[in-house]
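Here are the chains, one letter per residue:
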Amino acid sequence: MAEENDLSIFERIIAGDIPSEKIHEDELAIVIQDINPQAPTHVLLIPKLKIPRLVDADVSHQALLGHLLLLAGKVARQLGCADAFRLVINNGADAGQTVFHLHLHILAGGRFSEGGLVN
Ligand code: AMP
């Protein structure tokens with residue numbers, strides 16, 4: 001079990017200790033290609049500040065959360081998928097969260113049903 005003060009894999013990516021395919025960086029966040037893509041386009045928006053889960057965010061993170069949503073739109077445009085993408089946040093292990101450092105998935109490049117990508 002990781003200690004509370006262990007660096008998350010995303011903090012190590014942000015620090016440059018682990019390589020990543022970075023497509024955007026600003027003062028608050030990075031955007032990288034997901035290492036195990038679940039759709040033709042699959043990128044991760046990661047705040048530089050570690051908030052373990054969305055539910056751990058509070059009002060002090062409001063501007064950061066807004067920044068991430070606006071960034072999602074900007075990146076979707078940049079990637080050419082502004083008209084059809086899915087934005088996903090997994091919150092908690094039972095919801096599929098594996099990295100406990102808040103991140104947003106942009107998934108695109110196929111057709112989605114209720115459950116997920118169908119082709
Ligand atoms: P989640 O399951 O919502 O916590 O998403 C974690 C995501 O991080 C998964 O889609 C992984 O494929 C991705 N991931 C894990 N390690 C790396 C890495 N080193 N570089 C890029 N993506 C990663």
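Residues numbered from 1 in each chain as written. Predicted model: local features only at pLDDT ≥ 70, side-chain atom pairs only at ≥ 80, totals over all residues. Heavy atoms only, no water.

Brief notes about the site of the ligand
Part 1 of the reasoning: Not every one of the 16 residues close to the ligand is listed here, only the nearest: D34, N90, G96, T98 and H105.
Part 2 of the reasoning: Here an oxygen atom of the ligand sits 2.5 Å away from a polar atom, N or O, in the side chain of D34.
Part 3 of the reasoning: For the ligand, an oxygen atom lies 2.9 Å from a polar atom in the side chain of H103.
Part 4 of the reasoning: When contributions to the shell around the ligand are tallied by element, the ones reaching two or more residues are α1 (9–15) and β2 (29–33).
Part 5 of the reasoning: Broken down by element, the shell around the ligand gets its largest block of residues, three residues, from α1.
Part 6 of the reasoning: Looking at side-chain class alone, the shell around the ligand contains seven nonpolar, eight polar and one charged residues. (Near = heavy atom within 4 Å. Polar contact = N/O pair within 3.5 Å; in protein donor to acceptor, adjacent residues only side chain to side chain. Helix = DSSP H or I, 4+ residues; strand = E, 2+ residues; numbered from the N terminus. Nonpolar A, V, L, I, M, F, W, Y, C, P; charged D, E, K, R; others polar.)

Here we look at the environment of T98
Part 1 of the reasoning: By the element assignment, T98 lies in the loop between β4 (85–88) and β5 (104–108).
Part 2 of the reasoning: Take T98: its relative accessible area is 70%, and that puts it in the exposed class.
Part 3 of the reasoning: In this structure, the C-alpha to C-alpha distance between T98 and G73, residues 25 residues apart in sequence, is 24 Å. (Buried < 20%, exposed > 50% of the residue type's maximum accessible area, 1.4 Å probe, protein only.)

A word on the sheet that holds strand β3 (residues 41–47)
Part 1 of the reasoning: With respect to topology, five strands assemble into an open sheet ordered β1-β2-β3-β5-β4, the strand pairing being antiparallel. Where the open sheet ends on each side, the last strands, each with one partner, are β1 (22–25) and β4. Sheet twist, expressed as the mean angle between neighbouring strand axes with direction ignored, is 20°.
Part 2 of the reasoning: Sheet topology note: the β2/β3 ladder contains five bridges and is antiparallel. By the bridge assignment, Q33 is partnered in β3 with V43.
Part 3 of the reasoning: The sheet strands contacting helix α2 (residues 62–79) are β1, β2, β3, β4 and β5, and the helix crosses β3 at an angle near 155°. (Pairing = 2+ DSSP bridges. Axes fitted to C-alpha atoms, helices over the stretch in contact; angles between N-to-C directions. Contact = heavy atoms within 4.5 Å.)

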